[in-house]
Amino acid sequence: MAIERTFSIIKPDATARNLTGAVNAMIEQAGLRIVAQKRVRITREQAETFYAVHKARPFFGELVDFMISGPVVVQVLEGEGAIAKYRDVMGATDPAKAAPNTIRKVHARSIGENSVHGSDAADTAKQEIAQFFAGNEIVG
Ligand code: ATP
Ligand code: MG
């Protein structure tokens, strides 16, 4: 399998509980390398652009409000099959349905406040990385 890059966000519910290091440890234990990382507050406009695919969903407003409610840590993760691997490490969207020892099973509070985001495909990974990082900020 090829070396890939995926985009990750440690969401406000996790940064509020000081879980950045705990989440990063789970990422690294899975064999993924954090090749870019910064702690930021995203704007409403950035959150709306980022989750534009969900604009028509009933939870869109709640999702955007949540994503701007506190700091987030945006990251680029690199490794063999990184996109699918990180989705496995994250676990299902709803923590009640997430597999044991996944980030969401261990740390998420609810389907909305679910601690992490990870890209779902190669095209979205590329697009999401470009929304938050310049090429020279990613050091593999
Ligand atoms: P993400 O895109 O954040 O990695 P995901 O791909 O597992 O999560 P999506 O279906 O893309 O899930 O939903 C995006 C985000 O919207 C979820 O992570 C969650 O924060 C929020 N969300 C999804 N479904 C619901 C819901 N039913 N109620 C509230 N929030 C939801
Ligand atoms: Mg998604």
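Everything here concerns the structure above.
Below: a short report on this structure. (Residues numbered from 1 in each chain as written. Chains lettered and ligands numbered in written order. Predicted model: local features only at pLDDT ≥ 70, side-chain atom pairs only at ≥ 80, totals over all residues. Heavy atoms only, no water.)

## Some details on the environment of Ala 14
In plain terms, the rule: A helix here means a DSSP run of H or I that spans at least four residues, while a strand means a run of E at least two residues long, and both kinds are numbered starting from the N terminus. Using a 1.4 Å probe on the protein chains alone, a residue whose accessible area is under 20% of its type maximum counts as buried, one over 50% counts as exposed, and one in between counts as partly exposed. What makes two residues a contact is simply this: any of their non-hydrogen atoms within 4.5 Å.
Residue placement: Ala 14 occurs in helix 1 (residues 12-16). Judged by its relative accessible area of 0%, Ala 14 falls in the buried class. In this view, Ala 14 contacts Leu 19 and Ser 115; residues no more than four positions away in its chain are not counted.

## Some remarks on the sheet that holds strand 2 (residues 33-40)
Note the following rule: Here, a strand pair is defined by DSSP locating no fewer than two bridges between the strands. All axes are obtained by fitting lines to C-alpha atoms, using only the stretch in contact for helices, and the reported angles, taken between N-to-C directions, cover 0 to 180 degrees.
Spatial ordering of the open sheet is given by 2-3-1-4, a layout of four strands whose pairing is antiparallel. The open sheet terminates on both sides in strands that have one partner only, identified here as strand 2 and strand 4 (116-118). Each strand axis lies, on average, 20° off the axis of its neighbour in the sheet, ignoring direction. Alignment of strand 1 (residues 3-10) against strand 4, held across three bridges, turns out to be antiparallel. Looking at the pairing, Ile 10 lines up with Val 116 of strand 4.

## Notes on helix 2 (residues 20-29)
Note the threshold: It is the directions from the helix axis to the C-beta atoms that the arc portrays.
Among all positions in helix 2, only Thr 20, Val 23, Asn 24, Met 26 and Ile 27 are buried. Buried residues of helix 2, viewed axially, fall in a sector of 160°; they line one side. Looking one or two residues beyond helix 2, the residue adopting positive phi is Gly 31, at roughly 90°.

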